[in-house]
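Tertiary structure, described
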Amino acid sequence: MSEFKRLARKLVHRGRIINVYQDSMLTPSGDTVSYDIVEHKGAASMVAVDDEGKILMVRQYRTAIQKESLELPAGGINPGEDTKTCAMRELEEETGYRPLHAKHLIDVYTSVGFCNEKIYLYYTNQLVPSKQNLDEDEYVNVERYTLNELVQMIKEGKIEDSKTVAGIFTYKSIMGL
């Protein structure tokens, strides 16, 4: 397949978390087309399993979908921060539990049709109680579920978040459960 070539890029919006661009692209057939692209700094997430074998989840309202969402703890990567450190930091901030270690599971792009956001997913099963430290605009409830309960909620459409679906099924596959 011939390659696409970017002819021009225009910044449409600079945000706190994302930038939005309009790209003018030359297609392999020679046509010029326009794409709206969301640029994201990246994020990391954690499948955290407590001493009872339950997975820590966060429930929060998501303005983009106008409803609450049950998700794995996650957050944006700070400048200069590695992805594992980010996943561990976000888990502690959102749940009040500090992981003693983390193992890499999988990396996923959330929506390749218009966005470059990549989320790095990790796993831990060694947690120590700490303190929740939410951002001023975060309102999070921490919940715990068995793996089977989460798989069933995904199948029933009660969990729709892509990083959570990928993280839960990857964890299930790797652990042979």
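Please read all numbers here as calculations on a predicted model, not as lab measurements.

1. Section: the state of the cysteines
All told, the structure shown has 0 disulfides when counted by the stated rule. There is no disulfide at cysteine 86, and the cysteine sulfur nearest it, in cysteine 115, is 16 Å away. With relative accessibility at 0%, the residue cysteine 86 sits in the buried group. A relative accessible area of 12% means that cysteine 115 is categorised as buried.

2. Some words on the environment of glutamate 94
When you line up the elements, glutamate 94 lands in helix H1 (residues 83–95). Distance in space between the C-alpha atoms of glutamate 94 and tyrosine 139 is 9.2 Å, their sequence separation being 45 residues. Ignoring sequence-local partners within four residues, the contact set of glutamate 94 consists of Val58, Pro73, Ala74, Gln132, Leu134, Glu138, Val140 and Val142.

3. A closer look at the pattern of salt bridges
Evaluated as defined, the whole model comprises 13 salt bridges. Two residues, arginine 6 and aspartate 23, come together in a salt bridge whose shortest N-O distance is 3.3 Å. One end of the pair, arginine 6, is in strand E1 (residues 5–14); the other, aspartate 23, is in strand E2 (residues 18–26), with 17 residues separating them in the sequence. Between lysine 163 and glutamate 71 there is a salt bridge; the shortest N-O distance is 2.9 Å. Of this pair, lysine 163 sits in helix H3 (residues 162–174) while glutamate 71 is found in strand E6 (residues 67–71), placing the two residues 92 residues apart along the sequence. Taken as a pair, lysine 163 and glutamate 71 share a single burial class, namely buried. It is possible to trace a salt-bridge network through shared partners that takes in Arg62, Glu71, Asp161 and Lys163.

Definitions and limits used
- Residues numbered from 1 in each chain as written.
- Predicted model: local features only at pLDDT ≥ 70, side-chain atom pairs only at ≥ 80, totals over all residues.
- Heavy atoms only, no water.
- Disulfide = S-S within 2.5 Å.
- Buried < 20%, exposed > 50% of the residue type's maximum accessible area, 1.4 Å probe, protein only.
- Helix = DSSP H or I, 4+ residues; strand = E, 2+ residues; numbered from the N terminus.
- Contact = heavy atoms within 4.5 Å.
- Salt bridge = Lys/Arg side-chain N within 4 Å of Asp/Glu carboxyl O.

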